[in-house]
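Tertiary structure, described
As a plain string of letters, each chain reads:
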Amino acid sequence: MESSVLKRRKMDGDDGRDAIADLPESVLLHILSFLPTRDAVRTVMVPRFRYLWTCTRHLSFDHCAYHNCKEEDPHFSIDERFVNFTDHVLTLHENPTIDSFRLNLNYAAQLYHDDPRYDDDATRETRSSNKIGTWIRFAVRRKVKFLDLNFLGCTREFPYNLYMLPRFVLRCSCLVELKLTSCEVWTGGRVQLRSLRKLFMKQIDLTDLKMANILSGCPLLKELSLEDCDGLQEPKFCRVPSIEELNLKECGDLEKLDLARSDIKHLTIDSVGDLELVCPNVKILDIAGCLNYVKVTDMPSLVDTSLYFSRHRSWPYGEYHEFRLLLEKLSCSPYFMPCNFLHTGINYVGADK
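The present account deals with the structure reproduced in this document. (Residues numbered from 1 in each chain as written. Predicted model: local features only at pLDDT ≥ 70, side-chain atom pairs only at ≥ 80, totals over all residues. Heavy atoms only, no water.)

A separate point is the packing of aromatic side chains. Across all of its chains, the model carries 7 aromatic pairs by this definition. Between F82 and W135, the ring centres sit 5.9 Å apart and the planes meet at 85°, which makes this aromatic pair edge-to-face. Remark: W135 occurs in helix α5 (residues 121-141) and F82 occurs in helix α4 (residues 80-92); sequence separation between them is 53 residues. Classification of F82 as buried rests on a relative accessible area of 1%. Overall, the relative accessible area of 2% leaves W135 in the buried class. (Phe/Tyr/Trp six-rings, centres within 6.5 Å; stacked < 30°, edge-to-face > 60°. Helix = DSSP H or I, 4+ residues; strand = E, 2+ residues; numbered from the N terminus. Buried < 20%, exposed > 50% of the residue type's maximum accessible area, 1.4 Å probe, protein only.)

What follows is the structure, encoded as structure tokens:
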């Protein structure tokens, strides 16, 4: 019986050479694309890889790799090693284009906390914004297709100061997918995201007008996801007929969603409070959250529906009657999954049984 060592040698070749040595660079670059940039750079110690990381089309910088996310430090600051490493990688990178660029850090943390040249808070914040802006501009100049900017990091608290997203990001015509978390988006200029297919925004203050301005510059947008974005009340999505999927989660100020003039086919709502929906073209509808009252009208196209209220409450008779009507309407769709009443504990009060 052959030993495992002999079997491995036969797989690698009779001469016992490392199988990686014979792989083409395209395969090695594909392997690097699955690694965080910090680990990709470490492959410089592997002879076959050497400086191949400088040609990778996927860049990812995560500040969480430089500290313990579970430890709470009131004087938390950006690790200087993270800043130096990011600068170093971008300086040595050689590929003229990149496919993805990810940046994850807590912008509220102090970047230059121990540098006497930046003792003033305003000066320190300006310096931090300029540094981050340089990194983002690098990605835009390399015609990045997927841009993921998370300025919340691993903290659970909403930051008191937000990073102001550079205007040139909303004029990046090469972007196909954009994810923004916890930053200030200014739409005073013209939005030109002509290639964008997916847009995700989390913890960003929006108004109906600001949302309309952003969408006006995204003619090919297919999927829009908003999470914990306050300020929206009655947004209009009819300006972008290409949108097929809309996901709204914890957008607390949302009162009414009228999709009568849009072609959205898949709608997911996870919200609180009262909500009115008009969705004649929606085929897949998912409703969840701590909703007190929800009214859905004009929904002849529904095919697949799910409903889940994650709240224990007693319903006044009038609202209970409306809820029953809602269930009757939604149950008419070919596929209907109602909520688990044992979990939600829905009861009604104020009427005879």
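In this structure, K210 sits in helix α6 (residues 208-216). A relative accessible area of 16% places K210 in the buried class. Sequence-distant contacts of K210, defined by excluding residues within four places in its chain, comprise E184, V185, T187 and D205. (Contact = heavy atoms within 4.5 Å.)

Glancing now at the environment of L206. Following the sequence through the fold, L206 ends up in the loop between β7 (198-202) and α6. A relative accessible area of 1% means that L206 is categorised as buried. For the pair formed by L206 and L226, sequence separation is 20 residues and the distance between their alpha carbons is 9.9 Å. Once residues lying within four places of it in the same chain are set aside, the contact partners of L206 are M201, M211, I214, L226, C229, D230, G231 and L232.

Across all of its chains, the model carries 4 cavities of 30 Å³ or more by this definition. In this structure, the second largest cavity spans a volume of roughly 50 Å³. When the residues that make up the lining of the second largest cavity are grouped by side-chain class, the tally is 3 nonpolar, 3 polar and 3 charged. (1 Å grid on protein atoms, 1.4 Å probe; cavity = no way out; pocket = protein on both sides within 12 Å on 5 of 7 lines; lining within 4 Å. Points joined across faces, edges and corners; volume = space filled by probe spheres on them. Nonpolar A, V, L, I, M, F, W, Y, C, P; charged D, E, K, R; others polar.)

On the surface, a cluster of negative charge is made up of D205, D230, E234, D253, E255 and D274. Residue position: E255 is located in the loop between β9 (245-249) and β10 (256-258). (Patch = residues over 30% accessible without salt bridge, like charges linked within 9 Å, V, L, I, M, F, W, Y side chains within 5 Å. Areas by Shrake-Rupley, 256 points an atom, 1.4 Å probe, with all protein chains shown as cover. Salt bridge = Lys/Arg side-chain N within 4 Å of Asp/Glu carboxyl O. Lys, Arg positive; Asp, Glu negative; His and termini not counted. Charge placed at Lys NZ, Arg CZ, Asp CG, Glu CD.)

Turning our attention to the pattern of salt bridges. Oppositely charged side chains can form a pair if their charged atoms are brought close together. Scanning all chains against the criterion turns up 8 salt bridges. A salt bridge links E244 to K222; the shortest N-O distance between them is 3.6 Å. Taken together, the residues span a long stretch of sequence, with E244 in the loop between β8 (223-227) and β9 and K222 in the loop between α6 and β8 at a distance of 22 residues. For E244, a relative accessible area of 42% gives the class partly exposed.

The next subject is the nonpolar core. With 86 residues, the main nonpolar core has F101, L103, F151, L178, M201, M211 and L226 as its most contacted residues. No other element matches the 6 residues that α5 contributes to this core. Ignoring anything within four residues of it in the chain, the contact list for M201 reads L180, L206, M211, I214, S225, L226, E227 and C229. (Core = buried A, V, L, I, M, F, W, Y, C linked by side-chain atoms within 4.5 Å.)

By the bridge criterion, 5 bridges tie β9 to strand β11 (residues 266-278) in an arrangement that is parallel. Residue pairing across strands places L248 opposite I269, the latter belonging to β11. (Pairing = 2+ DSSP bridges.)

Turning our attention to the pairing of strand β5 (residues 177-181). Pairing of strand β3 (residues 146-150) with β5, which is carried by 5 bridges, proceeds in the parallel orientation. From the neighbouring strand, F146 faces β5, where its bridge partner is E177. As paired elements, β5 and β7 share 5 bridges and run parallel to each other. Bridge pairing in β7 links L178 to L199.

Residue position: T56 is located in the loop between α3 (37-42) and β1 (58-62). You can call T56 buried: its relative accessible area is 3%. Excluding anything up to four places from it in sequence, T56 contacts L29, H93, N95 and I98.

Before going further, it helps to spend a moment on unusual backbone geometry. Phi angles above zero are rare outside glycine, and R50 is one such case at about 45°. Tracing the sequence through the fold places R50 in the loop between α3 and β1. The phi dihedral of E250 is positive, around 55°, even though this residue is not glycine. Topologically, E250 is positioned in the loop between β9 and β10.

This part is about a positive patch on the surface. A cluster of basic residues, R137, R141, R167 and R171, forms a positive patch on the protein surface. Along the polypeptide, R137 turns up in helix α5. A relative accessible area of 35% means that R137 is categorised as partly exposed.

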